[in-house]
Amino acid sequence: MNNSTHNALTGKIGYISTVNKFMKKEFFTRTSGLLAIIFFLQGCYFPLVATGVVATAVAVTDRRTAGIILEDETIELKSMNELSKNFPKDNVSVAVTSFNRAALLTGWVSSEDLSKEAASLIANVENVREIINELNIGPKATGKMFARDTILTAKIKASFIDEEKLNANVVKVKTENGIVFLMGIVTQREADLAADIASRVKGTKRVVKVFEVKSETEIANIDAVINSQKPKKPSK
């Protein structure tokens, strides 16, 4: 499935935090080190797994609940375990990125039949509610391609943080061979802004929106509830 736009339909919402100056400093400090390592490894043709690298560096939460985030991580682990057990490594190189229990499949397989088989396998993983199959048919990606994708993801996340009208925490980025997939629980305005920013970063070939879009009113209500549940700072 290679539609330029795909919106997830349902999901639970959780805690959101606003990026402040400290977060920006932390992001750029950690990302600079990450990029230095990537450039070194790129020269050595060392294979890197791009999924979640920048998200780990930022170490912040999004609009999913803590429970859903845990479910997504579990889905990814179980999916990769199922793939390794059922497919020879020579024929598939698949990454599974789960957001709000929607599993995005990216990577490379040697045939259309294997693509369908992989999608069917992941669809049966516990708690997966939707499959978004964006697998490519062809030879596996090289180490240099993985490195370029990781660098591009880092650049896009940095561009999101620079945009004051966008909360960078709520958009998850996955890059495969220059094609950028954007996931998250967002308004249409946030979805369009994030896609526009990502499309203008050098190295982006195409942007695929895999968002769960809600109205401005729904997001405002969600944020109000979330903010009311945040622990209050003790008075001095």
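What you see is a predicted model; the values in this text were computed from it and never measured. Per-chain numbering applies: the sequence of each chain, read as written, is numbered from 1 onward. Local features in a predicted model are, by the rule used here, given only for residues with pLDDT of at least 70; side-chain atom pairs are given and counted only at 80 or more, and totals for whole chains, interfaces and linings are based on all residues. Side-chain measures here rest on the full set of heavy atoms in the structure, leaving out hydrogens and waters.

For the rest of this paragraph, the subject is unusual backbone geometry. A positive phi angle is found at Asn100, which is not glycine, with a value near 55°. One can find Asn100 in the loop between strand E1 (92–99) and strand E2 (102–109). Throughout this description, buried means an accessible area under 20% of the type-specific maximum (1.4 Å probe, protein chains only), exposed means over 50%, and partly exposed covers the range between. Owing to a relative accessible area of 1%, Asn100 belongs among the buried residues under this scheme. For Asn177, which is not a glycine, the phi torsion comes out positive at approximately 55°. By definition, any uninterrupted DSSP run of H or I lasting at least four residues is a helix, any uninterrupted run of E lasting at least two residues is a strand, and each is numbered from the N terminus. Along the chain, Asn177 turns up in the loop between strand E5 (172–176) and strand E6 (179–186).

Before going further, it helps to spend a moment on the pattern of salt bridges. One speaks of a salt bridge when a side-chain nitrogen belonging to Lys or Arg is within 4 Å of a carboxyl oxygen belonging to Asp or Glu. Taken as a whole, this structure holds 13 salt bridges when the rule is applied. Close ionic contact of Glu82 with Lys85 constitutes a salt bridge, the shortest N to O distance being 3.3 Å. Taken together, the residues span about one helical turn, with Glu82 and Lys85 both in helix H3 (residues 66–86) at a distance of three residues. Arg189 serves as the salt-bridge partner of Glu216, at 3.4 Å between the closest nitrogen and oxygen. With Glu216 in helix H7 (residues 216–229) and Arg189 in helix H6 (residues 188–199), the pair connects residues that are 27 residues apart, well separated along the chain. For Glu216, a relative accessible area of 44% puts it in the partly exposed group.

All right, on to the packing of H3 against helix H4 (residues 112–123) then. Close contact between H3 and H4 brings their axes to 10 Å; oriented N to C, the two are set at 135°. With respect to H4, the element H3 is oriented oblique. Considering how the two elements wind past one another, H3 and H4 form a crossing that is right-handed. Taken together, the residues of H4 that come into contact with H3 (itself represented by Ser79, Glu82, Leu83 and Asn86) are Ala118, Leu121 and Ile122. Polar here means any residue other than Ala, Val, Leu, Ile, Met, Phe, Trp, Tyr, Cys and Pro, which are nonpolar, and Asp, Glu, Lys and Arg, which are charged; Gly is therefore polar. Taken together, the residues of the contact of H3 with H4 break down into four nonpolar, two polar and one charged. Think of each axis as a best-fit line through the C-alpha atoms, taken over the contacting stretch in the case of a helix, with angles from 0 to 180 degrees between the N-to-C directions. Geometric relationships in this document are graded by angle, where less than 35 degrees denotes roughly parallel, more than 145 denotes roughly antiparallel, 65 to 115 denotes roughly perpendicular, and other angles denote oblique. Helix crossings get a hand from a simple test, with the near helix turned counterclockwise from the far one by less than a right angle marking a left-handed crossing and a clockwise turn marking a right-handed one. Whether two residues touch is decided by their heavy atoms; if any such pair falls within 4.5 Å, the residues are in contact.

Here we come to the sheet that holds strand E7 (residues 206–213). Strands qualify as paired when DSSP identifies two bridges or more between them. An order of E5-E6-E7 is seen for the three strands of this open sheet, with the pairing classed as mixed. The open sheet terminates on both sides in strands that have one partner only, identified here as E5 and E7. The sheet shows a mean angle of 15° between the axes of neighbouring strands, direction not considered. Of the strand pairs in this sheet, E5 and E6 are connected by five bridges, and their pairing is antiparallel. Bridge pairing links Val173 to Leu182 in E6. On the sheet, H6 packs against E6 and E7 and is oriented at approximately 160° with respect to E7.

To continue, consider the nonpolar core. Judged by nonpolar contacts, the single largest core of 21 residues is most densely connected at Ile156, Phe160, Val171, Val180 and Leu182. If you tally residues by element for this core, the top one is H6, at six residues. In this view, Ile156 contacts Val173, Val180, Ala198, Val201 and Thr204; residues no more than four positions away in its chain are not counted. Throughout, nonpolar core names a set of buried Ala, Val, Leu, Ile, Met, Phe, Trp, Tyr and Cys residues whose side chains join them through atoms within 4.5 Å. Counting residues in hydrophobic clusters, the runner-up holds 17 residues, among them Leu83, Val94, Val96 and Val125.

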